[in-house]
Amino acid sequence: MEETKRDIVLDVEDVPKAGQWITLSIQHLFAMFGATVLVPFLVGLSPAVALVSSGLGTLSYLLITKGQIPAYLGSSFAFITPIIAAKALGGPEAAMIGCFAAGFIYGIVALIIQKVGLRWLMNILPPVVVGPVIIVIGLSLAGTAVDMAMYDPQDKYSVTYIIIALITLAVTIICNVFFKGFINLIPILMGIIVGYGCSAVAGIIDYEPIKAAKWWEMPEFMFPYVTYTPTFSWEVIAIMVPVAIVTLSEHIGHQMVLSKVVGRNFLEKPGLHRSILGDGAGIMIGSFIGGPPLTSYGENIGVLTMTKAYSVYIIGGAALTAIIFGFNGKISAVISSIPTAVMGGISILLFGIIASSGLRMLIDNKVDFDKKRNLMIASVILVLGIGGAFVQLSETVSLSGMALSAIVGILLNLILPDREKISGDIFGK
């Protein structure tokens with residue numbers, strides 16, 4: 001801890017100077033920008049609303065955590081498939097109700113953690129369950145990424161689209177592997193910029209919406225009882241809630257990494273219950289305006305590691321800038337004009353990284369597959385999730401894919417013998 005403290009440029013509570021504040025805040029904005037706008041692009045929501053949602057969610061997170069955790073919240077990739085499924089059932093309105101339910105689950109878990117501690121959650125969601133579910137999240141989206149890279153808007157096979165997707169993918173990989181410093185932290189944004197340039201040369205960009213867009217205009221917000229009448233659906237809840245339970249484990253992992261980077265134990269102060277509540281509140285706020293669920297971003301943790309500037313004022317500045325960008329019509333029009341080939345190239349890498357992070361969780365936690373219970377749990381989760389299995393509970397309610405695999409995995413872990421109980425030591429207690 002002490003070694004980390006000596007190198008700090010700005011501590012958590014420090015107020016930066018004006019120039020430093022603007023520069024470092026914009027850096028955080030760039031780090032999260034590419035991934036945050038990709039999620040709404042893929043699920044058919046407004047990128048402008050996603051930016052506003054991201055900013056408001058981050059500000060509420062900072063408030064709930066008493067300004068003690070420098071974390072930025074951006075769009076969550078884990079909810080891409082559930083949002084698409086929810087929209088197919090009842091349109092974007094149903095998806096927003098499902099997102100709100102996911103945020104509500106975060107709130108319930110936060111209250112339980114405050115009362116009884118954290119060990120119960122980790123015993124329900126050990127790495128042998130969470131790792132394979134994360135792999136399912138990534139691989140279930142693989143077809144979407146490849147289709148975007150191969151086919152034009154008329155669903156015709158396109159060599160031009162494939163070439164642009166591969167160039168975008170190559171630039172993203174090169175920036176991440178061979179560059180250091182700031183470029184290394186924004187490979188997604190660099191890939192999108194180069195891919196967009198190639199698309200312009202290829203003549204596949206429609207500039208008319210950009211010309212027609214105003215510099216300042218209201219994003220396409222979705223307010224319940226204003227723009228739509230919300231309806232409750234058990235089927236949508238069944239799709240969203242299991243994923244929310246799994247992403248809680250991801251949240252805990254981010255808090256552990258962030259604690260090491262900053263040199264403070266955020267699980268103890270302000271407490272994991274506050275960070276989970278802040279994350280859930282951000283999701284609920286976003287669902288009120290039509291934005292996707294949020295999560296803390298590894299990209300922004302990377303920026304903190306590089307700059308050693310941990311000030312929450314910098315994070316707050318990035319959040320305010322994101323909100324301003326959301327009201328800029330030109331920026332929204334440019335994002336909407338990005339060809340699917342570019343996003344397909346980015347998605348090939350990102351969805352693969354999601355799946356690989358599930359493998360990494362299994363490796364880092366030394367999950368022993370010589371144990372039959374571990375092999376059984378992981379195998380069933382992978383086949384049910386990737387295979388698209390579903391259980392029809394009624395005419396309107398079904399459990400499918402990712403949700404079904406997560407629930408079955410949790411049940412197998414609780415039922416099968418020789419279950420390893422998680423020690424409290426991993427939480428620093």
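Residues numbered from 1 in each chain as written. Predicted model: local features only at pLDDT ≥ 70, side-chain atom pairs only at ≥ 80, totals over all residues. Heavy atoms only, no water.

**A look at the overall build of the protein chain**
To be explicit about the condition: Note on conventions: DSSP H or I runs of at least 4 residues are helices, E runs of at least 2 residues are strands, and numbering of each starts at the N terminus. The globule rule used for comparison is 2.2 Å times the number of residues to the exponent 0.38, while the radius of gyration itself is calculated over C-alpha atoms. Relative accessibility under 20% of the residue-type maximum defines a buried residue, over 50% an exposed one, and the middle range a partly exposed one, all with a 1.4 Å probe and only protein chains included. It only takes one pair of heavy atoms within 4.5 Å for two residues to be counted as in contact. Shrake-Rupley sampling with a 1.4 Å probe provides the accessible areas, and residues are treated as covered by the protein chains on show and by no other component.
Scanning the protein chain for helices and strands turns up 19 helices and four strands. The C-alpha atoms of the protein chain give a radius of gyration of 21 Å, which matches the 22 Å a tight globule of 429 residues would have. For the C-alpha atoms alone, the extent of the protein chain along its principal axes is close to 60 × 55 × 50 Å. Residues classed as buried in the protein chain amount to 55% of the 429 residues present. In the protein chain, the proportion of contacts linking residues at least 24 apart, taken out of those at least 6 apart, comes to 82%. Accessible area of the protein chain: about 18800 Å², with a carbon and sulfur share of 66%.

**As for a nonpolar patch on the surface**
Under the convention used in this document: Excluding any residue in a salt bridge, patches collect residues exceeding 30% relative accessible area, merging like charges within 9 Å and nonpolar Val, Leu, Ile, Met, Phe, Trp and Tyr side chains within 5 Å. Just to be clear on terms, a salt bridge is a Lys or Arg side-chain nitrogen sitting within 4 Å of an Asp or Glu carboxyl oxygen.
Together, V15, W21, I22, I26, F30 and Y313 make up an exposed nonpolar region whose accessible area comes to about 520 Å². At four residues, helix α2 (residues 18–43) tops the list of elements feeding residues into the nonpolar patch.

**Describing empty space enclosed by the protein**
Which entries qualify depends on this criterion: Computed over the protein atoms alone on a 1 Å grid, cavities are sets of points where a 1.4 Å probe fits but cannot get out and pockets are open sets with protein on both sides within 12 Å along at least five of seven lines; a residue lines them when it has an atom within 4 Å of a point. Grid points are joined across faces, edges and corners, and a volume is the space filled by probe spheres set on the points. Under the grouping applied here, Gly and all other residues not named as nonpolar or charged are polar, the nonpolar ones being Ala, Val, Leu, Ile, Met, Phe, Trp, Tyr, Cys and Pro and the charged ones Asp, Glu, Lys and Arg.
If you walk through the whole model with that rule in mind, you get one cavity of 30 Å³ or more. By volume, the largest cavity is sized at about 50 Å³. Secondary-structure elements contributing two or more residues to the lining of the largest cavity are α12 (234–262) and α14 (298–307). Taken together, the residues that form the lining of the largest cavity break down as seven nonpolar, four polar and no charged.

**Regarding the confidence of the model for the protein chain**
The predicted coordinates should not be examined in detail at positions where pLDDT is low. Our working rule: Residue-level confidence of the predictor is summarised by pLDDT, bounded by 0 at the bottom and 100 at the top.
Here the protein chain averages 87 in pLDDT, and 96% of its residues register 70 or above. Mean pLDDT across the elements of the protein chain ranges from a minimum in helix α1 (residues 2–6), with 47, to a maximum in helix α3 (residues 47–64), with 95. Here residues 424–429 scores under 50 on pLDDT; set against residues more than four positions off or in separate chains, the count is 13 contacts.

**Here we look at unusual backbone geometry**
Omega for the peptide link from K269 to P270 comes to 5°, which places this bond in the cis form. By the element assignment, P270 lies in helix α13 (residues 267–289). One non-glycine residue with positive phi stands out, namely D155, at about 65°.

**Here we look at the side chain of S296**
Our working definition: Any pair of nitrogen or oxygen atoms within 3.5 Å is treated as a polar contact; in protein, a donor-acceptor pairing is required on top of that, and neighbouring residues in sequence qualify only through side-chain atoms on both sides.
Relative to the helices and strands, S296 is located in strand β2 (residues 294–296). A distance of 2.8 Å separates a polar atom in the side chain of S296 from a polar atom in the side chain of H254. Setting aside its immediate chain neighbours within four residues, S296 contacts Y72, L73, H254 and D279.

**What to know about the pattern of salt bridges**
Applying the stated criterion to the full structure yields four salt bridges. R264 is the salt-bridge partner of E13, the closest N and O atoms lying 2.9 Å from each other. Here E13 is found in the loop between α1 and α2, whereas its partner R264 is found in the loop between α12 and α13, with 251 residues between them in sequence. We classify E13 as partly exposed; its relative accessible area is 44%.

**Here's the deal with the packing of α2 against α14**
Operational definition: Note on definitions: angles span 0 to 180 degrees between N-to-C directions of axes, and those axes are lines fitted to C-alpha atoms, for helices only across the stretch in contact. When describing relative orientation, an angle under 35 degrees is termed roughly parallel and one over 145 degrees roughly antiparallel, while 65 to 115 degrees is termed roughly perpendicular and anything else oblique. Here a crossing is called left-handed whenever its near helix is offset anticlockwise from the far helix by less than a right angle, and right-handed whenever the offset is clockwise.
Direction vectors running N to C along α2 and α14 enclose 150°, while the axes themselves pass 9 Å from each other. On the basis of the axis angle, α2 is roughly antiparallel to α14. Crossing of α2 against α14: the hand is right-handed. Across the interface between the two elements, L24, Q27, H28, A31, M32 and A35 from α2 touch E299, N300, V303, L304, M306 and T307 from α14. In the contact of α2 with α14, the residues fall into seven nonpolar, four polar and one charged.

**Observations regarding the nonpolar core**
So the rule is basically this: To form a nonpolar core, buried Ala, Val, Leu, Ile, Met, Phe, Trp, Tyr and Cys residues must be joined to one another through side-chain atoms within 4.5 Å.
Within the largest apolar cluster, 113 residues are counted, with the highest numbers of intra-cluster contacts made by F77, F79, I80, L118, L258, I276 and F351. For this core, the element with the highest residue contribution is helix α4 (residues 80–116), accounting for 15 residues. Apart from the residues lying within four places of it in its own chain, the contact partners of F79 are A102, M240, V243, A244, T247 and P293. In terms of nonpolar packing, the next biggest core, distinct from the first, is built from five residues, V49, V52, I289 and I323 among them.

**Observations concerning the layout of surface pockets**
Approximately 270 Å³ is the volume attributed to the second largest pocket. Lining the second largest pocket are 13 residues, and of these F33, L189, I192, I193 and V334 lie nearest its centre. Of all the secondary-structure elements, those providing two or more residues to the lining of the second largest pocket are α2, α10 (187–202) and α16 (329–336). The element best represented in the lining of the second largest pocket is α10, accounting for four residues. When the residues that make up the lining of the second largest pocket are grouped by side-chain class, the tally is 13 nonpolar, no polar and no charged.

**A word on α3**
Our working rule: Here the expected length of a helix is defined as 1.5 Å per residue gap, with one fewer gap than residues.
Here α3 is 18 residues long and its end C-alpha atoms lie 25 Å apart, about the 26 Å a rise of 1.5 Å per residue gives. Among the 18 residues of α3, 14 are classified as buried, and the element is accordingly described as predominantly covered. In the stretch just after α3, K66 is the one whose phi turns positive, near 60°.

**Concerning the packing of α2 against α4**
At a closest axis distance of 9 Å, the pairing of α2 and α4 adopts a crossing angle of 30°. Taken together, the axis directions place α2 and α4 in an arrangement best described as roughly parallel. For α2 against α4, the interelement crossing comes out right-handed. Across the interface between the two elements, V39, L42 and V43 of α2 pack against I80, I83, I84 and K87 of α4.

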